[in-house]
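Listed here are the chains, written in short residue letters.
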There are 2 protein chains.
Amino acid sequence: MQIKDILQLSPESQSVIVKGWVRTKRGQANIVFINLNDGSTIKNIQAVVEDGKIDEETLKKISTGACIAVSGTLVASAGSGQAVEVLAQSIEIYGTADETFPMQPKKHSLEFLREKAHLRFRTNTFGAIFRIRHALAFAVHKYYNDNGFFYLHTPIITASDAEGAGEMFRVSSFEPNAAPKNEDGSVDFSQDFFGRETSLTVSGQLEGELGAMALSKIYTFGPTFRAENSNTTRHLAEFWMIEPEVAFYDLEDNMNLAESFVKYVIQYALDNCKDDLEFLQNRLLEEEKSKPQNERSELTLLEKLKFVVENDFERLTYTEAIDILLKSKPAQKKQFQYEVGWGIDLQSEHERYLVEKHFKKPVILTNYPKDIKAFYMKQDEVSDATPGATVRAMDVLFPGIGEIIGGSQREDNYEKLMTRINEVGIDPENLWWYLDTRKFGSAPHSGFGLGFERLVLFVTGMGNIRDVIPFPRTPKNAEF
Amino acid sequence: MQIKDILQLSPESQSVIVKGWVRTKRGQANIVFINLNDGSTIKNIQAVVEDGKIDEETLKKISTGACIAVSGTLVASAGSGQAVEVLAQSIEIYGTADETFPMQPKKHSLEFLREKAHLRFRTNTFGAIFRIRHALAFAVHKYYNDNGFFYLHTPIITASDAEGAGEMFRVSSFEPNAAPKNEDGSVDFSQDFFGRETSLTVSGQLEGELGAMALSKIYTFGPTFRAENSNTTRHLAEFWMIEPEVAFYDLEDNMNLAESFVKYVIQYALDNCKDDLEFLQNRLLEEEKSKPQNERSELTLLEKLKFVVENDFERLTYTEAIDILLKSKPAQKKQFQYEVGWGIDLQSEHERYLVEKHFKKPVILTNYPKDIKAFYMKQDEVSDATPGATVRAMDVLFPGIGEIIGGSQREDNYEKLMTRINEVGIDPENLWWYLDTRKFGSAPHSGFGLGFERLVLFVTGMGNIRDVIPFPRTPKNAEF
């Protein structure tokens, strides 16, 4: 039985065996207290060793980090912490840990713990983060399953570039420095494993659309890759993405799906991760104590999550957003680093102004200029209401995170899609299968991508994306 | 509303809009029948167009493969198929499909459909397969979530080789043919994206163990890769694997977990995919009609699945299995291609004999010779009962599939593990983090890997693994 379940038992002096890792051991004259954790919950169980019950030799070997099994009696706890504790009768030591064990019971910096990512699961903070990450992942699957979507495993190794401009990792089985060459000196990929040049996918969307054009509602949830040299707190070279794609959905259906989905998974975490969220909330409050009053968050972590679940996301067009930004104080006072004007790709400072200052809630921006969005987005009817051509894109912006979701209605008109593909300079030969879906029974359809780590970042309140994935892949780092 | 739900409605002459792809259109003098499918179920809904209700021009454009929306009234069906049908009042055509649409209503070979993997979702067979694949994937997550496991996303890009001998794909961001060199002419990987040589993972197990040594129960479910030039019906270069890892589990706990898990997901498919399984069962029966009686399956697909769920797996040691094989008819008559003897790596023909002829049920083989298994498996106590040293390995063998699960208790003794690592010639420097878990609070633990596509192969009764993953990656093939 795990500690999570043992802590729920009533202390009827029943026999239990508790297995876990020692968090702390406190000795007194004739009694020793051992706090054990097995990762099933953030809560420890206390084992009490009365004088003489366990031989000195064994007790001496037990220190922070050791793994032990305590057999004993479950009794009501005398202390103020948990309702129950274990009165030890015997202890088996599975593995000791000497004083070089890095996770000693004191405050460690997140940077230090990143270097010890193989052991950081044994801290309260990272135990909480990865239990919440699990709950969010399960909620993703549950939401889509309950709503009639089929989970589609789109390929990781690909010969196409979904975005048309991604920085991609190359995949090859050639010996480094010994690739066979063509007569002109270029690499002869026809001799490579797949008989062609291949890379790691940046998105499963294009293949996801193939599924949606038959199964109607699909979603992907898999790793995606960017060989971008971005050393920031928001970027990973390898991250997990969720991409639903739905036949017969227009842009508004797509927005409704995105909002309902995000609210569902956050509510799921609120319902299922109370202890862990409270711990992380207190951790944040502690951290903010060192900040001046005006830099502290207005809402606690739980308040922030509840606020997102309980309030409608603000929906407006890109054109309306530009108007708001142009009239904003920072624009008037020339405080934005990047100038605002219709046609610009919104910068983080602009998104933050809209979300954190102006609306103070999640925002869905739609109908972006065609020229700053991907080729597959459905073109809007030309209208005098906007200074230029727009597409049915939508980005969901979250406070503290920025873009958490990017999506669109897809161009389902074969001629318009071909024109756009030629405009942006993609070789249609590489996308013959994608174009086929617009030739044979094309249908209006929409979808979006949600970066899973950004969601985990938001829900845990952590500040660095490297702390919400077990073993982050970033420039110059592929350890573990 | 999707067709799956509309078919459940009672025909109270309510108005409905049905959206989907035309499977067939049959015209008669004054009435037209259109069968529509939207992938939500294998069942089609019939739209009935009475004379003059829809203009000729529109009707003419509707053919197999077209995508349409039919607005009309839900009525009791006169025909023998479904309970309800739609009496069309208007039809909107989303996308036509001319006669070059490859999925015309006739029998296509699986080879042909593999070439058209972007459209094969629109056939009954592949619709069924991918709905079942979804159900199995969801059941995997549900089983582990309900049993207190945490889903751990282990890295895809890795600098380590979990098996010690895998054929791995290289990952790099260097321009092909333009990698910077060291003075000795070798590639200077310190200038590559991750600052070192990296590959695609062959298993998440080693990192999974890191999680289990803190969270107790974890599982992975992600893509894994083998750059093996195996052009068989059982191998993929890219496939999805499920790898649970559990602290405090010994080999027997591990076997219990494997058996309980596999039975659960198969039962889930039986409970949730009845229509699709029945279709695939009939497909198989049809296919077997062309075979001589003695080559046909003894059990239908559903009987086979129920048999697995309802019967205990046979458990025996490798040593016992060798004894059985040595005494077997094919061994006596020298009919095995590979000779049987203690120490051999069992070949497919041996496994099939045990599973399909001798026991006629799933088999779990344990305690394999140390020399044919991976370095991380826990060494058994030396015993006279076996001709050589063994490890606490277990393989689960399935009829028609062979090995579906491979696992073991892990070596948790630091010294024994180091000795073994040196014996097999792995550089311990590369696994410092793995070894750390045996230094700091080591614990008995066990786990296994299940190849997801092999499970889908078994449950769908399909014969080629390329037909149970949306877009297979195999030698010389990375299309779509």
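These numbers were taken from a predicted model, which means no experiment stands behind them.

Rules of the game
Residues numbered from 1 in each chain as written. Chains lettered and ligands numbered in written order. Predicted model: local features only at pLDDT ≥ 70, side-chain atom pairs only at ≥ 80, totals over all residues. Heavy atoms only, no water. Domains from an automatic or database assignment. Contact = heavy atoms within 4.5 Å. Buried area = accessible area lost by both parts, 1.4 Å probe. Salt bridge = Lys/Arg side-chain N within 4 Å of Asp/Glu carboxyl O. Polar contact = N/O pair within 3.5 Å; in protein donor to acceptor, adjacent residues only side chain to side chain. Helix = DSSP H or I, 4+ residues; strand = E, 2+ residues; numbered from the N terminus. Pairing = 2+ DSSP bridges. Phe/Tyr/Trp six-rings, centres within 6.5 Å; stacked < 30°, edge-to-face > 60°. Buried < 20%, exposed > 50% of the residue type's maximum accessible area, 1.4 Å probe, protein only. Lys NZ or Arg CZ within 6 Å of the ring centre and 35° of its normal. Axes fitted to C-alpha atoms, helices over the stretch in contact; angles between N-to-C directions. Parallel < 35°, antiparallel > 145°, perpendicular 65-115°, else oblique. Nonpolar A, V, L, I, M, F, W, Y, C, P; charged D, E, K, R; others polar. Least-squares fit on C-alpha atoms with pLDDT ≥ 70 in both. Core = buried A, V, L, I, M, F, W, Y, C linked by side-chain atoms within 4.5 Å.

Attention shifts here to the domain arrangement of chain A. All names here are of chain A. According to the domain assignment, chain A consists of domain 1 (3-95) and domain 2 (122-167 + 202-467). Here the C-alpha centre of domain 2 lies 46 Å away from the C-alpha centre of domain 1. The partner domain 2 presents eight residues to the eight residues of domain 1 that form the contact. Of the roughly 660 Å² buried between domain 1 and domain 2, counting both surfaces, carbon and sulfur atoms make up 43%. The largest contributions to the domain 1 side of the interface with domain 2 come from Trp21, Arg23 and Ile42, which together make up 70% of the buried area. Among the salt bridges present, the one from Asp275 reaches Lys43, with a minimum N-O distance of 3.4 Å. Scanning the region where domain 1 abuts domain 2 turns up five residue pairs in polar contact (both at pLDDT 80 or more).

Residue and element names in this part refer to chain B. As for its position among the elements, Asp250 is in the loop between strand E11 (238-247) and helix H6 (251-272). Filtering out sequence-adjacent residues up to four positions away, Asp250 remains in contact with Gln409 and Ser446. One polar contact links the side chain of Asp250 to the main-chain amide nitrogen of Asp253, over a distance of 3.0 Å.

Residues and elements named next belong to chain B. Taken in spatial order, the eight strands make up an open sheet running E6-E10-E11-E16-E15-E14-E13-E12, and their pairing is mixed. Both edges of this open sheet fall to strand E6 (150-151) and strand E12 (314-317), since each of them pairs with a single strand only. Note that E11 and strand E16 (residues 445-451) share five bridges and pair antiparallel. Among the inter-strand pairings, Val246 is bridged to a residue of E16, identified as Ser446.

One pass over the full model with this rule turns up 64 aromatic pairs over all chains. Aromatic pair Phe101 of chain A and Phe440 of chain B: ring centres 5.4 Å apart, planes at 50 degrees, arrangement tilted. Of this pair, Phe101 of chain A sits in the loop between strand E5 (84-95) and helix H3 (110-115) while Phe440 of chain B is found in the loop between helix H13 (432-439) and E16, placing the two residues in two different chains. On the accessibility criterion, Phe440 of chain B (5% relative accessible area) is buried. With centroids separated by 4.8 Å and ring planes inclined at 40 degrees, the aromatic side chains of Tyr144 of chain A and Phe261 of chain A adopt a geometry described as tilted. Taken as a pair, Tyr144 of chain A in helix H4 (residues 124-146) and Phe261 of chain A in helix H6 (residues 251-272) lie far apart in primary sequence, 117 residues in all. Considered together, Tyr144 of chain A and Phe261 of chain A belong to a single accessibility category, that of buried residues. Members of the aromatic cluster, joined through ring pairs, are Phe138 and Tyr268 of chain A together with Phe138, Tyr143, Tyr144, Phe149, Tyr151, Tyr219, Phe261, Tyr264, Tyr268 and Phe448 of chain B. Stacked on the ring of Tyr434 of chain A, the Lys or Arg Arg438 of chain A has its end atom at 4.3 Å from the ring centre.

What follows is about unusual backbone geometry. The phi dihedral of Ser216 of chain A is positive, around 75 degrees, even though this residue is not glycine. Relative to the elements of secondary structure, Ser216 of chain A occurs in the loop between helix H5 (205-215) and strand E10 (217-225). The phi torsion at Lys334 of chain B lies on the positive side, around 55 degrees, for a residue other than glycine. By the element assignment, Lys334 of chain B lies in the loop between helix H10 (329-332) and helix H11 (348-359). By relative accessible area, which is 73% here, Lys334 of chain B ends up exposed.

Before going further, it helps to examine the packing of helix H7 (residues 274-288) of chain B against helix H8 (residues 301-310) of chain B. All names here are of chain B. Remark: H7 packs on H8, axes separated minimally by 8 Å, with the N-to-C direction vectors making an angle of 120 degrees. Relative to H8, the element H7 lies oblique. Between H7, through Leu277, Glu278, Leu280, Gln281 and Leu284, and H8, the contact on the second element is made entirely by Leu301, Leu302, Glu303 and Leu305. When grouped by side-chain class, the residues that make up the contact of H7 with H8 number six nonpolar, one polar and two charged.

Attention shifts here to the relation of the copies chain B and chain A. Rotating chain B by 180 degrees and moving it 0.0 Å along the rotation axis overlays it on chain A with an RMSD of 0.0 Å. As the rotation angle and translation indicate, the two copies are arranged about a two-fold axis. Residue Val171 of chain B of chain B places its C-alpha closer to the rotation axis than any other residue of that unit, at 2.5 Å.

Residues and elements named next belong to chain B. Taken in spatial order, the five strands of this closed barrel run E1-E2-E3-E5-E4, and their pairing is mixed. Each adjacent strand pair in this sheet contributes to an overall mean axis angle of 55 degrees, direction not counted. When strand E1 (residues 15-27) meets strand E2 (residues 31-37), the two strands line up antiparallel, connected through six bridges. Among the inter-strand pairings, Val22 is bridged to a residue of E2, identified as Leu36.

With that settled, the discussion passes to the pairing of E5 of chain A. Residue and element names in this part refer to chain A. The pairing of strand E3 (residues 45-50) with E5 spans two bridges and is classified as parallel. Within E5, the position partnered with Val48 by the bridge is Leu87. Pairing of strand E4 (residues 67-76) with E5, which is carried by 10 bridges, proceeds in the antiparallel orientation. Bridged to Ile68 within E5 is Ile93.

All names here are of chain B. Using the criterion set out here, one finds 56 salt bridges over all chains in the structure. Across the pair Asp467 and Arg120 runs a salt bridge whose closest N-O atoms are separated by 3.3 Å. Highlighted residues: Asp467 in the segment after helix H14 (452-460) and Arg120 in the loop between helix H3 (110-115) and helix H4 (124-146), separated in sequence by 347 residues. A relative accessible area of 0% places Arg120 in the buried class.

Moving on: the nonpolar core. Core analysis: the largest hydrophobic core is formed by 249 residues, its most contacted members being Ile266 of chain A together with Ile266 of chain B. Discounting residues that sit within four places of it in the chain, Ile266 of chain B has contacts with Leu305, Val308, Val309, Phe398, Leu455, Phe458 and Val459 of chain B.

Okay, the side chain of Ser328 of chain A next. Along the polypeptide, Ser328 of chain A turns up in the loop between helix H9 (318-327) and helix H10 (329-332). Leaving out residues up to four positions away in the same chain, Ser328 of chain A has contacts with Phe336 and Tyr353 of chain A.

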